[in-house]
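Now for the letters of each chain:
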Amino acid sequence: MKNKEHQEKGIRQPVRTDAPFLSEQEKIDRIAAAFVTIMETLGLDLEDDSLKGTPVRVAKMYVSELFKGLDPAAAPDISTFDNHYQYNRVLIEKNILVKSTCEHHFLPILGHAHVGYYSSGRIIGLSKLNRIVDYYCRRPQVQERLTRQILIALQEALQTQDVIVVIDAVHLCVTARGIEDPHCSTYTIDYGGCFEDPLVRKEFLDCCPSSKLPGLLQ
Ligand SMILES: [Zn+2]
């Protein structure tokens with residue numbers, strides 16, 4: 001597992017290291033059975049055509065999509081290249097889709113990440129930036145940890161501290177339940193190296209859209 005190291009060096013995900021190994025199918029079977037209990041407890045009719053497939057659908061969605069990033073084998077290959085272009089200014093990738101799940105309520109977190117770095121001599125394929133964000137999103141998350149995990153993964157891959165990460169996201173546990181405030185989003189920022197300098201940070205932040213949230217959440 002070539003990228004397991006990245007996960008272990010970064011900010012730790014609260015997973016049990018003594019959890020028994022389960023195949024993907026075993027996980028789906030167990031979660032589906034548990035979801036049957038939830039639906040039955042709510043008094044839902046599992047014989048109904050529309051509902052009977054729901055436990056397995058939810059289980060597959062958890063294991064193969066929403067929480068795929070709990071599997072170290074799903075980590076993207078983040079190979080880097082020599083910086084032949086002698087480009088020594090900031091590179092910024094804006095509006096990377098953030099589609100994660102709040103670990104407190106298991107409700108969606110939707111928004112965007114903006115990342116920037118100065119090359120230390122190594123550069124990374126642009127889409128790899130999206131893939132790193134996506135990998136860490138596919139876990140039960142809190143936005144603070146997600147931001148730190150992405151920063152550290154990029155710093156390790158690019159072999160430099162000169163990296164910055166911003167996330168601006170809507171938490172459905174805030175907009176659709178509880179306080180039910182439809183207009184607020186959560187902003188997190190983390191950085192190292194030259195981005196500690198407020199002027200360097202300002203150049204990056206001036207390029208980032210203030211708050212561009214997906215579709216109906218704008
Ligand atoms: Zn929540």
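Residues numbered from 1 in each chain as written. Predicted model: local features only at pLDDT ≥ 70, side-chain atom pairs only at ≥ 80, totals over all residues. Heavy atoms only, no water.

Draft legend 1. Seen up close, the coordination of the zinc ion. The zinc ion binds to the protein through Cys102 (SG), His105 (ND1) and Cys173 (SG); the donor distances cover 2.1 to 2.2 Å. In primary sequence terms, the donor set of the zinc ion follows C-x2-H-x67-C. Of the two residues, Cys102 is situated in strand β2 (residues 91-102) and Cys173 in helix α6 (residues 172-175); the sequence distance between them amounts to 71 residues. As far as burial versus exposure is concerned, Cys102 and Cys173 are alike and both buried. (Donors = N, O, S within 2.8 Å, 3.2 Å for Na, K, Ca; no water. Helix = DSSP H or I, 4+ residues; strand = E, 2+ residues; numbered from the N terminus. Buried < 20%, exposed > 50% of the residue type's maximum accessible area, 1.4 Å probe, protein only.)

Draft legend 2. Summary view of a nonpolar patch on the surface. Among the surface-exposed residues, Ile38, Leu42 and Leu44 lie close enough to one another that they form a single nonpolar patch of about 290 Å² accessible area. Locating Ile38 in the fold gives a position in helix α2 (residues 24-41). Residue Ile38 is classed as partly exposed on the basis of its relative accessible area of 43%. (Patch = residues over 30% accessible without salt bridge, like charges linked within 9 Å, V, L, I, M, F, W, Y side chains within 5 Å. Areas by Shrake-Rupley, 256 points an atom, 1.4 Å probe, with all protein chains shown as cover. Salt bridge = Lys/Arg side-chain N within 4 Å of Asp/Glu carboxyl O.)

Draft legend 3. Just the environment of Arg122, in detail. Mapped onto the fold, Arg122 is located in strand β4 (residues 122-124). Take Arg122: its relative accessible area is 23%, and that puts it in the partly exposed class. Only 2.4 Å separates the side chain of Arg122 from the side chain of Asp82, close enough to count as a polar contact. (Polar contact = N/O pair within 3.5 Å; in protein donor to acceptor, adjacent residues only side chain to side chain.)

Draft legend 4. Expanded view of the nonpolar core. In this structure, Ile124, Ile150, Leu154, Val165 and Ile167 are the most contacted members of the largest nonpolar core, which totals 29 residues. Those elements that provide at least two residues to this core are β2, β3 (108-117), β4, α4 (126-137), α5 (143-158) and β6 (163-171). Here the element with the most residues in this core is α5; it accounts for 7 residues. Those residues in contact with Ile150, other than ones at most four positions away along the chain, are Val133, Tyr136, Val165 and Ile167. Counting residues in hydrophobic clusters, the runner-up holds 8 residues, among them Val90, Val166, Phe195 and Val200. (Core = buried A, V, L, I, M, F, W, Y, C linked by side-chain atoms within 4.5 Å. Contact = heavy atoms within 4.5 Å.)

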